[in-house]
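Structural overview for review
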Amino acid sequence: MDAWAQCELPPACICDCSSSGPVDEAVEFWVKRLDFDGPPWLMRRHLRGYCAWTAADLCDHQANRRRLLWIWACNCRDGDSLLALE
């Protein structure tokens, strides 16, 4: 597991990225602020498990960074402090 997957997100990030309504700008901000990244293949593999994106969609690493941070923030809001990447 990568270092970024072992730490908790800042509370402000969780709040900004998991609030109701569109959060695209907040997620983009936090991806840049946290320098949120990881191995592209690992992100694709994890996101594939949600069955929400096509294989073509998952080829966009920048979008995957945003998707994964958004999911992680929502999980943290729901009480899961870590993002478990298999």
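Located above this text is the structure these notes cover.
Now for a look at the structure at hand. A quick note: this is a predicted structure, and the numbers were derived from the prediction, not measured. (Residues numbered from 1 in each chain as written. Predicted model: local features only at pLDDT ≥ 70, side-chain atom pairs only at ≥ 80, totals over all residues. Heavy atoms only, no water.)

**Overview of helix 2 (residues 11–18)**
All buried positions along helix 2 are accounted for by C13, I14, C17 and S18. Taken end-on, helix 2 shows its buried residues confined to a sector of 100°, consistent with a single buried face. Opposite its buried face, helix 2 presents the exposed residues P11 and C15, each directed more than 90 degrees away. Contacts made by the buried residues of helix 2 are with helix 3 (24–34) and helix 5 (61–77). (Buried < 20%, exposed > 50% of the residue type's maximum accessible area, 1.4 Å probe, protein only. Helix = DSSP H or I, 4+ residues; strand = E, 2+ residues; numbered from the N terminus. Arc of directions from axis to C-beta. Contact = heavy atoms within 4.5 Å.)

**So, helix 4 (residues 40–48)**
If you check which residues of helix 4 are buried, you get L42, M43, H46 and L47. Viewed end-on, helix 4 has its buried residues packed into an arc of 125°, placing them on one side of the element.

**Thoughts on the nonpolar core**
Counting residues in each nonpolar core, the largest one holds 18 residues, and the members touching the most others are L9, C13, C17, V27, F36, L69 and W72. At six residues, the largest contribution of residues to this core is made by helix 5. Ignoring anything within four residues of it in the chain, the contact list for C17 reads V23, A26, V27, W30, W70, A73 and C74. (Core = buried A, V, L, I, M, F, W, Y, C linked by side-chain atoms within 4.5 Å.)

**Notes on unusual backbone geometry**
Even without being a glycine, D35 presents a positive backbone phi close to 50°. If you trace the backbone, D35 turns up in the loop between helix 3 and helix 4. A relative accessible area of 60% means that D35 is categorised as exposed. The phi dihedral of C51 is positive, around 55°, even though this residue is not glycine. In this structure, C51 sits in the loop between helix 4 and helix 5. Relative accessible area serves as the criterion here: at 71%, C51 is assigned to the exposed category.

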